[in-house]
Amino acid sequence: MDLEDAGRSWVVDHALGPAEIDAAVRVLTSRTITTGPEVRLFERELADRFGVPDVLALGSCTAAMHLALIASDIGPGDEVVTTPLTFPATANVILAVGATPVFADIDPITLNMDPESVAAAVTPRTRAVMPVHLGGAACDLIGLKSVADRFGLTVVADCAHAVDCHVDGLHVARAADISCFSFYATKNITSVEGGALVAGPDVLARARLLARHGLDFTWGGEMTATAAGYTPREVGYKYNLSDLHAAIGRVQLGRMDSLQATRRAAVAVYDDLLRDLPGVALPARTSIADHGWYLYQLRLAGTDGAAVASRREHVRRELAEAGIATGAYYRPLHQYELYQRTARIGPGGLAAAEDAYPRLLALPLHGRLTTAEATAIGEAVIAALGTAP
């Protein structure tokens with residue numbers, strides 16, 4: 001296959017199609033284009049998929065995490081233990097409520113939070129643990145919940161990569177105290193922009209209030225209503241999801257099994273091509289969790305960190321020249337000046353996270369990636385590694 005002809009198929013693709021366009025047009029030509037019946041249907045369908053009583057649809061996963069912390073009464077003077085190997089939003093929402101992020105180290109194989117490192121980072125000020133299911137690989141929520149129960153902490157899971165992920169037979173939405181999901185453009189299913197919050201009834205009720213400016217609506221809550229049928233209860237935010245986004249999300253949710261099958265087929269191709277490649281480890285799987293396959297991240301071996309990093313960048317450059325976009329997720333947050341000022345590191349240090357980052361190489365993985373394209377990408381990886389210093 002000629003990589004020059006592949007175009008968008010080599011990068012993360014949103015996998016939208018005619019059904020999503022039809023759904024958007026249907027809403028745009030209806031009476032309600034912002035929060036209304038489509039949002040409520042999306043929430044119901046998400047709840048059924050996750051196996052939970054209720055879901056709150058929101059404008060983003062960041063909004064969900066922010067509201068989760070506020071609704072859990074976490075604020076100034078409190079600490080939240082989280083992973084450094086994540087997107088900045090995970091730490092930013094902790095800072096946004098006035099609390100302090102505390103970085104615990106990761107398991108070097110799964111790349112997710114290590115429960116023992118979390119336990120070591122707990123202080124009398126710690127109120128919650130915020131794990132991330134990195135790339136769709138489920139965290140050790142059983143171990144993390146054990147630590148949380150020991151210290152009386154709330155587990156608020158960043159499930160941005162894990163919309164189709166299970167732990168010990170349960171969807172991850174049921175495995176933490178609070179779970180936050182993303183439907184951003186690059187995710188396994190997308191509403192273009194969007195997110196969702198899963199929590200107990202008290203947290204969910206307060207989050208629902210906060211998501212609409214802290215207003216208690218007496219007329220049903222459609223944002224198109226003109227009468228001032230509301231009562232301000234507390235200072236809130238503009239975090240609601242629109243019917244336009246929800247309609248797209250509903251179509252994507254209905255297609256999720258098919259989209260995931262496409263991703264898993266590409267994963268199988270990558271596995272077959274790369275599993276015996278010297279100096280390369282495939283993404284880790286665990287015995288009690290299935291993988292949600294948001295990312296397919298290889299780990300490069302080697303004892304010299306600088307040499308490994310140079311090798312990875314060589315491979316990324318070679319693939320980029322062939323029209324193949326790759327990623328390295330994520331630079332540990334404690335290496336940024338912002339979090340050096342505003343966060344702290346647990347007593348065990350972050351050696352595993354620091355060692356892991358230079359080794360990570362994420363290959364294209366999305367709902368429109370064909371097995372032929374995955375084969376060409378895998379072969380290009382092999383060729384690039386063969387010329388690496």
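Rules behind the numbers
- Residues numbered from 1 in each chain as written.
- Predicted model: local features only at pLDDT ≥ 70, side-chain atom pairs only at ≥ 80, totals over all residues.
- Heavy atoms only, no water.
- Helix = DSSP H or I, 4+ residues; strand = E, 2+ residues; numbered from the N terminus.
- Rg over C-alpha atoms; globule rule 2.2 N^0.38 Å.
- Buried < 20%, exposed > 50% of the residue type's maximum accessible area, 1.4 Å probe, protein only.
- Contact = heavy atoms within 4.5 Å.
- Areas by Shrake-Rupley, 256 points an atom, 1.4 Å probe, with all protein chains shown as cover.
- Lys, Arg positive; Asp, Glu negative; His and termini not counted.
- Charge placed at Lys NZ, Arg CZ, Asp CG, Glu CD.
- pLDDT = per-residue confidence, 0-100.
- Core = buried A, V, L, I, M, F, W, Y, C linked by side-chain atoms within 4.5 Å.
- Polar contact = N/O pair within 3.5 Å; in protein donor to acceptor, adjacent residues only side chain to side chain.

J.: Is there a simple way to think about the overall build of the protein chain in this case?
T.: Of the regular secondary structure elements, the protein chain holds 13 helices and 15 strands. Against the compact-globule benchmark of 21 Å for 389 residues, the protein chain has a radius of gyration of 21 Å, which places it among compact chains. Counting only C-alpha atoms and orienting by the principal axes, one finds that the protein chain spans roughly 70 × 55 × 35 Å. The buried share among the 389 residues of the protein chain stands at 56%. In the protein chain, the share of contacts with a sequence separation of at least 24, taken over all contacts with a separation of at least 6, comes to 71%. Put simply, the protein chain shows about 15,600 Å² of open surface, and 54% of that area lies on carbon and sulfur atoms. Computed over 33 positive and 44 negative side-chain charges, the separation of the two mean positions in the protein chain equals 4 Å.

J.: Whenever I open this one, the side chain of threonine 326 confuses me. Can you help?
T.: Take threonine 326: it is sitting in the loop between α10 (305-321) and α11 (337-342). Look at threonine 326 and you get buried, because its relative accessible area is 15%. Apart from the residues within four sequence positions on either side, threonine 326 is in contact with Arg316, Leu319, Leu361, Ala362 and Leu363.

J.: Help me out: how do you make sense of the confidence of the model for the protein chain in this one?
T.: If pLDDT is low for a region, its predicted coordinates should not be looked at in detail. Of the residues in the protein chain, 94% have a pLDDT of 70 or more, and the chain-wide mean is 93. Here residues 1-11 scores under 50 on pLDDT; set against residues more than four positions off or in separate chains, the count is 24 contacts.

J.: I would appreciate a short explanation of the nonpolar core in the present structure.
T.: Burial of nonpolar side chains together is a common tendency in soluble globular proteins. With 46 residues, the main nonpolar core has Phe50 and Phe181 as its most contacted residues. For this core, the secondary structure elements donating two or more residues are α2 (37-50), α5 (115-121), α6 (141-151), β5 (154-158), β9 (195-198), α8 (243-254) and α9 (256-274). Apart from residues no more than four positions distant in its own chain, phenylalanine 50 is found in contact with Val55, Val163, His171, Ala173, Arg174, Phe181 and Val198. Residues Leu56, Ala71, Val80 and Ala160 belong to the second largest nonpolar core, which totals 31 residues.

J.: Explanation requested: unusual backbone geometry in the structure shown.
T.: What you tend to see is this: most non-glycine residues have negative phi, and most peptide bonds are trans. With an omega of 0°, the peptide bond running from tyrosine 329 to tyrosine 330 counts as cis. Positive phi, normally seen in glycine, also occurs at aspartate 73, with a value near 60°. On the secondary structure map, aspartate 73 appears in the loop between α3 (61-71) and β2 (79-82). Within the chain, histidine 213 stands out as a residue other than glycine whose phi angle is a positive 65°. Within the secondary structure, histidine 213 is located in the loop between α7 (201-210) and β10 (215-217). You can call histidine 213 partly exposed: its relative accessible area is 36%.

J.: When you look at the environment of threonine 123 in this model, what are you seeing that I'm missing?
T.: Within the secondary structure layout, threonine 123 lies in the loop between α5 and β4 (126-130). Sequence separation between threonine 123 and aspartate 140 is 17 residues; the distance between their C-alpha atoms is 21 Å. When neighbours within four sequence positions are excluded, threonine 123 is seen to be in contact with Glu79 and Arg344. A distance of 2.8 Å separates the side chain of threonine 123 from the side chain of glutamate 79, its partner in a polar contact.

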